[in-house]
Amino acid sequence: MSANKQEIYLGIDLGGSKILTAVVDDRGEILSRDYRVTPANDGPDAVVREVLKSATSALVPLGIAMQELAAIGIGAPGTSNPGRGVVFTSPNLPEWHNVPLRDIVVRETGRKSYLINDANAAALGELYFGVARGVRHMIYVTISTGIGGGIIIDGQLYTGSVGTAGEIGHMTIDANGPRCRCGNTGCWEVLASGTALADRARQQIRGGAKTSILDDAGGDLEKVTAPVIQAAAERGDPLARELIAKTGYYLGVGLANLINIFNPELIVIGGGLSNIGEALLSPAFQVAGERAFKEAYQAVRFALPELGADSGVLGAAAFARQSVSGEDQ
Ligand SMILES: [Zn+2]
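This section reports on the structure supplied with the text.

Quick notes on the rules
- Residues numbered from 1 in each chain as written.
- Predicted model: local features only at pLDDT ≥ 70, side-chain atom pairs only at ≥ 80, totals over all residues.
- Heavy atoms only, no water.
- Donors = N, O, S within 2.8 Å, 3.2 Å for Na, K, Ca; no water.
- Tetrahedral: all angles 85-135°; square planar, octahedral: opposite > 155°, others 65-115°.
- Buried < 20%, exposed > 50% of the residue type's maximum accessible area, 1.4 Å probe, protein only.
- Phe/Tyr/Trp six-rings, centres within 6.5 Å; stacked < 30°, edge-to-face > 60°.
- Helix = DSSP H or I, 4+ residues; strand = E, 2+ residues; numbered from the N terminus.
- Lys NZ or Arg CZ within 6 Å of the ring centre and 35° of its normal.
- 1 Å grid on protein atoms, 1.4 Å probe; cavity = no way out; pocket = protein on both sides within 12 Å on 5 of 7 lines; lining within 4 Å.
- Points joined across faces, edges and corners; volume = space filled by probe spheres on them.
- Nonpolar A, V, L, I, M, F, W, Y, C, P; charged D, E, K, R; others polar.
- Pairing = 2+ DSSP bridges.
- Contact = heavy atoms within 4.5 Å.
- Axes fitted to C-alpha atoms, helices over the stretch in contact; angles between N-to-C directions.
- Expected span 1.5 Å × (residues − 1).
- Parallel < 35°, antiparallel > 145°, perpendicular 65-115°, else oblique.
- Left-handed = near helix turned anticlockwise from the far one by under 90°.

Those donors, His170 (ND1), Cys180 (SG), Cys182 (SG) and Cys187 (SG), are the protein atoms that reach the zinc ion, and they lie 2.0 to 2.4 Å from it. Geometry at the zinc ion is tetrahedral, judged from its four donor atoms and the angles of 104 to 121 degrees they form at the metal. For the zinc ion, the single-chain donor residues occur in sequence as H-x9-C-x1-C-x4-C. By relative accessible area, cysteine 187 is classed as buried at 0%.

Attention now goes to the packing of aromatic side chains. Scanning the model with the defined rule gives four aromatic pairs in all. Ring geometry for tyrosine 128 versus phenylalanine 129: centroids 6.1 Å apart, planes at 45 degrees, classification tilted. Ring centres 4.1 Å apart and planes at 20 degrees place the aromatic pair phenylalanine 285 and phenylalanine 302 in the stacked group. Residue phenylalanine 285 is located in helix H9 (residues 278–291), and its partner phenylalanine 302 is located in strand E13 (residues 301–303); the two are separated by 17 residues in the primary sequence. Aromatic ring contacts, followed pair by pair, group Phe285, Tyr297 and Phe302 into a single cluster. In this structure, arginine 321 is placed above the aromatic ring of tyrosine 128, and the distance from its NZ or CZ to the ring centre is 5.1 Å.

Below, the discussion takes up the environment of glycine 236. Structurally, glycine 236 is set in the loop between helix H7 (226–234) and helix H8 (238–262). Distance from glycine 236 to serine 212, taken between C-alpha atoms, is 9.7 Å for residues 24 residues apart in sequence.

Scanning the model with the defined rule gives one cavity of 30 Å³ or more in all. Contributing to the lining of the largest cavity are Tyr9, Val24, Asp25, Asp26, Gly28, Phe129, Leu314, Ala317, Ala318 and Arg321. If you list the elements that add at least two residues to the lining of the largest cavity, you get strand E2 (18–25) and helix H11 (311–328). With four residues, the single largest contributor to the lining of the largest cavity is H11. A class-by-class count of the residues in the lining of the largest cavity yields six nonpolar, one polar and three charged.

Judged by pairing direction, the sheet is mixed, and its five strands sit side by side in the order E11-E10-E9-E12-E13 without closing on themselves. Bordering the open sheet on either side are strand E11 (156–157) and E13, each of which pairs with just one other strand. Packing of helix H3 (residues 118–129) onto the sheet brings it into contact with strand E9 (138–143), strand E10 (147–153) and E11, and relative to E10 it is tilted by some 50 degrees.

Quick look at H11 now. Between the first and last C-alpha of H11 there are 26 Å, a value that for 18 residues agrees with the 26 Å anticipated at 1.5 Å per step. Among the 18 residues of H11, 13 are classified as buried, and the element is accordingly described as predominantly covered.

At their nearest, the axes of H8 and H9 sit 7 Å apart, and the two run at 40 degrees to each other. With respect to each other, H8 and H9 are oriented oblique. Judged by the sense of rotation from one axis to the other, the crossing of H8 with H9 is right-handed. Across the interface between the two elements, Ile244, Ala245, Thr247, Gly248, Tyr249, Leu251, Gly252, Val253, Leu255, Ala256, Ile259 and Asn260 from H8 touch Ala279, Leu280, Leu281, Pro283, Ala284, Phe285, Val287, Ala288 and Arg291 from H9. Counted by class, the contact of H8 with H9 contains 16 nonpolar, four polar and one charged residues.

Examined against the element boundaries, isoleucine 64 turns out to sit in the loop between helix H1 (44–59) and strand E4 (71–76). Leaving out residues up to four positions away in the same chain, isoleucine 64 has contacts with Ile8, Val23, Leu59 and Leu69.

Geometric values such as these leave the question of function open.
Below is the structure:
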């Protein structure tokens, strides 16, 4: 990196429902953004076109050309290989199989580009610019419709041999548990995500349980979502509280596994479901404390992310920065 000229990066956070692109300087300041809807159901070509449009649009307010970018970082959902720049498959992006996203972006923009899993990007964002600054051993956990993660060991993102490491949502918690969208059974995300919470509520309601949750959802089972259950719990609905505690229990089982395997200093817990707060997290921490090794549990700190919705773009930009500087050495 040049000492006197500021390097500018583009971070792209490609999600199943939205694309966020940001122009980021090397200190993690966001200089401009572009936000648009992902045409996920129109297939990979349409999504890639929208990503490229977003990249171009983000530069417009700054009046800078694509050629002035030091590099581009792309965070994408699903399993991918950062080395080859290929998205293997993604539950949030239908019809994506072995899409060479990085090479397409390189071809269309002429800039060095780097691909990373979206949750890994968010982990790097928090490591470089957020709550995990200066931390050496950290696990980032994001709990929303699924559970994603990023593993930081000795200050470095751990991606494994083909780049799929950090898929913590698919560690088996109950080998005979419910079917997960990955094809396996009893994965962490099928027991402790927002989807798991909503599925549990629907099952109870179908079985005739007494609760105000269904009324809150306008009598429509399909509209029973995690935020609806959260609102019912906050009003004191006993079933809603019990279901959140049950989800917290499974969350804690997975946290105990992570603590025992990685002995992290810090676990950052983000994603929409973490907004429930105490009602979800205090049973989770209790179970983690009961199941993990005492020394490891006492050494770990839990924190909420600091960067909110920007962790992905900032992390993607940081990944581009570290990748390009690694190549220059
Ligand atoms: Zn799974």
